[in-house]
Amino acid sequence: MKYLYDTNIFIYYLADDIAVNSWFTEQFLLLNQVLFSPIIRIELLSFSGLSKAEEECIEDLLSQFTVVPL
């Protein structure tokens with residue numbers, strides 16, 4: 001199955017919110033395809049005060065999923 005993730009699910013995951021952990025498990029990701037739009041990358045990286053390490057963490061997370069064109 002394909003899932004189109006929005007910004008909030010990534011924010012909650014990065015904040016270690018257990019409510020979304022099941023959507024990022026290895027088993028779930030092996031069985032499903034996660035998609036996101038380029039807007040998500042822009043929104044996540046536009047938070048003011050992000051450190052270089054936080055930017056790299058976001059980029060690493062997003063690199064695991066498929067970008068769909070607008």
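See above for the structure.
Residues numbered from 1 in each chain as written. Predicted model: local features only at pLDDT ≥ 70, side-chain atom pairs only at ≥ 80, totals over all residues. Heavy atoms only, no water.

## A word on the nonpolar core
Next up, step 1: In terms of nonpolar packing, the biggest core is built from 14 residues, with Tyr5, Phe10, Phe24 and Phe65 touching the most fellow members.
Next up, step 2: At the level of secondary structure, the elements contributing two or more residues to this core comprise α1 (7–14), β2 (33–36), α3 (38–45) and α4 (52–62).
Next up, step 3: A total of three residues in this core trace back to one element, the largest contributor, which is α4.
Next up, step 4: Setting aside residues no more than four positions away along its own chain, Phe65 makes contact with Phe10, Phe24, Leu29, Val34 and Phe36. (Core = buried A, V, L, I, M, F, W, Y, C linked by side-chain atoms within 4.5 Å. Buried < 20%, exposed > 50% of the residue type's maximum accessible area, 1.4 Å probe, protein only. Helix = DSSP H or I, 4+ residues; strand = E, 2+ residues; numbered from the N terminus. Contact = heavy atoms within 4.5 Å.)

## Things to note about the pattern of salt bridges
Next up, step 1: Taken as a whole, this structure holds one salt bridge when the rule is applied.
Next up, step 2: The shortest N-O distance in the salt bridge between Glu59 and Arg41 comes to 3.0 Å. With Glu59 in helix α4 and Arg41 in helix α3, this pair connects stretches of sequence that are 18 residues apart.
Next up, step 3: Its relative accessible area of 31% is what places Glu59 among the partly exposed residues.
Next up, step 4: Classification of Arg41 by relative accessible area gives partly exposed; the value is 25%. (Salt bridge = Lys/Arg side-chain N within 4 Å of Asp/Glu carboxyl O.)

## Side note on the sheet that holds strand β1 (residues 2–4)
Next up, step 1: Read from one edge of the open sheet, three strands run β1-β2-β3, paired in parallel fashion. This sheet does not close on itself; its edge strands, each paired only once, are β1 and β3 (66–67).
Next up, step 2: In terms of strand pairing, β2 meets β3 through two bridges, oriented parallel. Directly across from Phe36, in β3, lies its bridge partner Val67. (Pairing = 2+ DSSP bridges.)

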